[in-house]
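Observations on the model geometry
Take a look at the letters that make up each chain.
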Amino acid sequence: MTSYRKYWVLLIGVLIVTFGILGFCGREVYNQAPPIPTQVKTADGQALFTREDIYTGQSVWQSIGGMELGTIWGHGAYQAPDWTADWLHRELTAWLDLAAQDTYHQPYAQLPADQQETLRAQLKAEYRGSHLNPDGSLTVSPRRAQAMAQAADYYARLLGDDPALQSSRVTYAIKLNTLPDVQRRAELAHFFFWTAWAASTDRPGSVATYTNNWPHEPLIDNSPTAENVVWSIGSVVLLLAGIGLLVLGWSFLRKRDQSAPAAPVRDPLTSFVVTPSQRALGKYLFIVVVLFLVQVFIGGLTAHYTVNEPSFYGINMSRLIPYSLARTWHLQSALFWIATGFLSAGLFLAPVINGGKDPKFQKLGVDVLFWALIVVVAGSFLGEFLAIAQKMPLSLNFWLGEQGYEYLDLGRVWQIALFIGIVLWLVLMVRGVLPALLTKGGDKHLLALLTASIAAVGLFYGPGLFYGEHTSLSVMEYWRWWVVHLWVEGFFEVFTTAALAFIFCTMGLVSRPLATAASLISASLFMVGGVPGTMHHLYFAGTTTPVMAVGATFSALEVVPLILLGHEAWEHWHLRTRAPWMEALKWPLLCFVFVAFWNMLGAGVFGFMINPPISLYYIQGLNTTLVHAHSALFGVYGFLALGFTLMVLRYIRPQMAFSPALMKTAFLCLNCGLALMIATTMLPIGLMQFHASVEQGLWYARSAEFLQQHSVITLHWLRTFGDVIFIIGALSMIWQVIRGVLFEDPAPQTMLRAA
């Protein structure tokens, strides 16, 4: 029997080291998070607001959509301003105008250059040196208090119903009277002020702010730090070195096993009787495509808001489904249908691994899990609607409404319920896998890796519960990215690799030794970059230089294994020629081919485009991030979920034949539509914003002035072509699955027979 000891030692060693690094970074995040003043007061003793007011403002921000309406520290939606950068710039310009009037009795813009320079030096000294007092309070000058009041007044009018700002509301896709309560608007301003204070005040003992000089703001010399530049260059060097070592290592592995097993006469998976739990998966597949449909059309509505049109054919959609709610549902429905596709694939495999038999009460568990997911989806969607409509008490919002954190928007009650559902899935999977794993004899290493990845997928959603309503943003971001990055981009990658390897081995299409060794090495590669690479999301989230160093170093290594995915795609596609019966699996296989392509482009090329600190410094929160998000989330995980859906459908509906017309339309339009969205709109606007951010500052790249440019609006309209083509592809895919689930007889006895 082939020895895999060294591969297991490598993987376990990688996990120990990388999670140790992640733990060190977590300790740094907790200890160095930007402080929140106990009280903000003026130099003459006037109390402005307290820490509790800032916390309340954080809750108000969550209730209007949080990261789904603009961004904080660059994280969130891309249509409205980055509230941190925008507040900071408004406060700084207000201070300069007040100082110019007090000192020279003229507006700042009319002063000669030397006088402007003098005021800017005073501005920088006041803002960059704005440290807390020993008692934890913050003292601001009367002039700064006036500037803060002017900024707060602007936001009160913007989030209210001031007619003078209606044009800006339309541009930002902010609905009229987003916050009807005047007191809530004032509390929100306190939270915005604190995020800007952390971004403009030097960390004690440092020459950089709490957010590592982010955002770019020339008025107070917020510019990239020396460490930013050094680690950016280092990440590129490590990327090149990692690619070279990987190519050599992978070539060595391939040379060790060039033989492929003889393909069986018929598909081995068809030798099993379709179990009751597998037949029950039809409703999962139906929900996958229904939620996919919701996501696609809600996404179209979200894109429509970017062309400064609150109405759609005369219907004021912003009153019914405002932008923040549309974006919340767009992201959340995507996560729900993709996760359901993964869950259904696992539940299909469990009886296969168990020798073609259902463990006792397996079908009951599958049914209970399904209805639990339905409750979570419906409950979270309703809660988010009530919260953003300001119809839910603020005290209940975090628990039942809108948490406000991108990808984890659902209220905490629904989040806990979802975690319980995922744990139930883990139990159902283990009941199917464990007996086979404990059976003596045979090569169990690939199955052991699959089991470990199942456990990780089941448990690593849990860190999303490790923060509370008023947890520091830095700490919250640390745990949020454990879910968004580590859970999705780490353990789902390993689960997918192991699951596909197990399927192809079971089919007799690839040798088990090569598949096992390749899967173990791939898992090590995913983890070595993926685990500590989580920190690249936290460069400017109130963290210190060590966190930036870890993120820059390891996020470069994340890209390394992706360069081999083009070869992997070819290998998967080539399998269809190994046996005649593989033709029946042509379309699921094609999904996996496109997964590899988009992983290489979306996660690899577009991912590294924004990963180095110097790059992300200027483009965090711009449409360049949107390019990576769409190409990686749908291109990789979307196609993966669709591939799993088609594969499960093919086996549980053996009488069904995929429609070549529907499938060709689906694949052509989904890929072309996605490519057009990126090429005609997201990437060009992102690059324009990048230039504006470098030249003038992030505030301008996200401003109404920039977004109202004719060229930007035209580019947004051009996205219509890509959107329509994508929708046609989605409808074709959806109809194929619905037709297979609802209008084809379920498998009477056995799975798909060989052609």
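The rules behind these values
Residues numbered from 1 in each chain as written. Predicted model: local features only at pLDDT ≥ 70, side-chain atom pairs only at ≥ 80, totals over all residues. Heavy atoms only, no water. Helix = DSSP H or I, 4+ residues; strand = E, 2+ residues; numbered from the N terminus. Rg over C-alpha atoms; globule rule 2.2 N^0.38 Å. Buried < 20%, exposed > 50% of the residue type's maximum accessible area, 1.4 Å probe, protein only. Contact = heavy atoms within 4.5 Å. Areas by Shrake-Rupley, 256 points an atom, 1.4 Å probe, with all protein chains shown as cover. Lys, Arg positive; Asp, Glu negative; His and termini not counted. Charge placed at Lys NZ, Arg CZ, Asp CG, Glu CD. Axes fitted to C-alpha atoms, helices over the stretch in contact; angles between N-to-C directions. Parallel < 35°, antiparallel > 145°, perpendicular 65-115°, else oblique. Left-handed = near helix turned anticlockwise from the far one by under 90°. Nonpolar A, V, L, I, M, F, W, Y, C, P; charged D, E, K, R; others polar. Core = buried A, V, L, I, M, F, W, Y, C linked by side-chain atoms within 4.5 Å. Expected span 1.5 Å × (residues − 1). Pairing = 2+ DSSP bridges. Salt bridge = Lys/Arg side-chain N within 4 Å of Asp/Glu carboxyl O. Disulfide = S-S within 2.5 Å. pLDDT = per-residue confidence, 0-100. Patch = residues over 30% accessible without salt bridge, like charges linked within 9 Å, V, L, I, M, F, W, Y side chains within 5 Å. Phe/Tyr/Trp six-rings, centres within 6.5 Å; stacked < 30°, edge-to-face > 60°. Lys NZ or Arg CZ within 6 Å of the ring centre and 35° of its normal.

This part covers the overall build of the protein chain. In terms of regular secondary structure, the protein chain is built from 27 helices and nine strands. For a compact globule of 755 residues, the expected C-alpha radius of gyration is about 27 Å, and the protein chain comes in at 27 Å, within 12% of that figure. A burial count over the protein chain gives 62% of its 755 residues as buried. Taking the intrachain contacts of the protein chain between residues at least 6 apart in sequence as the baseline, contacts between residues at least 24 apart amount to 79%. Accessible area of the protein chain: about 27,000 Å², with a carbon and sulfur share of 67%. Side chains of the protein chain carry 45 positive and 46 negative charges; the gap between the two charge centres is 15 Å.

In this section: the packing of helix 12 (residues 323-353) against helix 17 (residues 473-506). Direction vectors running N to C along helix 12 and helix 17 enclose 40°, while the axes themselves pass 12 Å from each other. Taken as axis vectors, helix 12 and helix 17 run oblique relative to one another. Relative to helix 17, helix 12 is oriented so that their crossing is left-handed. The residues of helix 17 that touch helix 12, namely those facing Phe342, Gly346, Leu349 and Ile353, are Phe492, Phe495, Thr496, Ala499, Phe502 and Ile503. In terms of residue class, the contact of helix 12 with helix 17 is made up of eight nonpolar, two polar and no charged.

The next point concerns the nonpolar core. Ranked by internal contacts, the top residues of the largest apolar core, which has 244 residues, are Trp61, Trp83, Phe292, Trp337 and Met507. It is helix 17 that provides the largest number of residues to this core, a total of 24 residues. Contacts of Trp61, omitting those with residues within four sequence positions, involve Gly66, Met67, Ile72, Trp83, Leu188, Phe191, Phe192, Gly404, Tyr405 and Leu473.

Here Arg480 is to be found in helix 17. Setting aside residues up to four positions removed in sequence, Arg480 forms contacts with Met67, His75, Tyr405, Glu406, Tyr407, Leu408 and Tyr467.

Another aspect to go through is helix 18 (residues 512-530). The end-to-end C-alpha distance of helix 18, which contains 19 residues, comes to 26 Å, matching closely the 27 Å that a straight helix rising 1.5 Å per residue would cover. Burial of helix 18 is extensive: 16 of the 19 residues sit out of reach of the surface.

With that settled, consider the pairing of strand 8 (residues 402-405). Looking at chain direction, strand 8 and strand 9 (residues 408-410) are connected through two bridges and run antiparallel. Paired with Glu402 across the bridge in strand 9 is Leu410.

With that settled, consider the pattern of salt bridges. Tallied over the entire structure, the rule returns 15 salt bridges. Ionic pairing is found between Arg90 and Asp86, a salt bridge with its closest N-O pair at 2.9 Å. Taken together, the residues span about one helical turn, with Arg90 and Asp86 both in helix 3 (residues 83-104) at a distance of four residues. Two residues, Glu117 and Arg120, come together in a salt bridge whose shortest N-O distance is 2.6 Å. On the criterion of helical spacing, the pair formed by Glu117 and Arg120 is a turn pair, its members being three residues apart in helix 4 (residues 113-128). Under the relative-accessibility criterion, Arg120 is labelled partly exposed at 25%. Residues joined by salt bridges that share partners form a network here, namely Glu68, Arg327 and Glu406.

Quick look at the state of the cysteines now. In a disulfide, the sulfur atoms of two cysteines are covalently bonded to one another. Taken as a whole and judged by the stated rule, the model has zero disulfides. Free of any disulfide, Cys591 has its nearest neighbouring cysteine sulfur in Cys669, separated by 14 Å. The exposure class of Cys591 is buried, given its relative accessible area of 0%.

Turning next to the sheet that holds strand 5 (residues 138-140). Strand order across the open sheet formed by three strands is 2-1-5, with mixed pairing between neighbours. Single-partner strands in this sheet number two, and they are strand 2 (47-50) and strand 5. Averaged over all neighbouring strand pairs, the angle between strand axes comes to 20°, with direction disregarded. One ladder, built from three bridges, connects strand 1 (residues 39-42) with strand 2; its direction is antiparallel. For Gln39, the partnering residue across the bridge sits in strand 2 and is Thr50. Along the sheet, helix 5 (residues 142-158) makes contact with strand 1, strand 2 and strand 5, crossing strand 5 at roughly 90°.

Turning to its location among the elements, Thr56 is positioned in helix 2 (residues 51-63). Spatially, the C-alpha atom of Thr56 lies 9.0 Å from that of Leu394, the residues being 338 residues apart in sequence.

With that settled, the discussion passes to the environment of His445. With respect to the helices, strands and loops of the structure, His445 is situated in helix 16 (residues 445-459). For the pair formed by His445 and His304, sequence separation is 141 residues and the distance between their alpha carbons is 50 Å. The contact partners of His445, leaving out residues within four places of it in the chain, are Tyr4, Trp8 and Thr516.

Tracing the backbone shows Ala456 in helix 16. Judged by its relative accessible area of 9%, Ala456 is buried. Put simply, Ala456 and Ala704 are 248 residues apart on the chain and 44 Å apart in space, counted from C-alpha to C-alpha. Ignoring sequence-local partners within four residues, the contact set of Ala456 consists of Trp487 and Phe491.

Per-residue confidence for the protein chain gives a mean pLDDT of 90, with 93% of residues at or over 70. The low-confidence segment residues 747-755 (pLDDT under 50) makes 35 contacts with residues lying over four places distant or belonging to another chain.

With that out of the way, let us pick up a nonpolar patch on the surface. A contiguous nonpolar surface patch, about 490 Å² in accessible area, is contributed by Leu396, Trp399, Leu400, Val413, Ile416 and Ile420. Residue placement: Leu396 occurs in helix 14 (residues 394-400).

In this section: the packing of aromatic side chains. Counted by the stated rule, this structure contains 52 aromatic pairs. Members of the aromatic cluster, each reached through a chain of ring pairs, are Trp61, Trp73, Trp83, Trp87, Tyr154, Tyr155, Phe191, Phe192, Trp194, Tyr405 and Tyr467. Sitting above the plane of the Tyr467 ring, Arg412 keeps its charged end 5.2 Å from the centroid.

The subject of this paragraph is the pairing of strand 1. Taking every second residue as pointing to the same face, the buried face of strand 1 carries Val40 and Thr42, while none of Gln39 and Lys41 on the other face is buried. A loop of four residues connects strand 1 with strand 2, the two strands running antiparallel in sequence, and Gly45 in this loop sits at a positive phi of about 95°. Summarising the sheet, strand 1 and strand 5 pair through three bridges and their orientation is parallel. Residue pairing in the sheet places Thr42 in a bridge with Val140 of strand 5.

As a further point, take the packing of helix 1 (residues 5-32) against helix 17. Interaxial distance between helix 1 and helix 17 falls to 9 Å at its minimum, and their mutual angle equals 160°. What the angle tells us is that helix 1 and helix 17 run roughly antiparallel. For the element pair helix 1 and helix 17, the recorded crossing hand is right-handed. In this structure, helix 1 uses Phe19, Leu22, Gly23, Cys25, Gly26, Val29 and Tyr30 to contact helix 17, whose residues at the interface are Ser474, Val475, Tyr478, Trp479, Trp482, Leu486 and Phe491. Of the residues belonging to the contact of helix 1 with helix 17, the class tally is eleven nonpolar, three polar and no charged.

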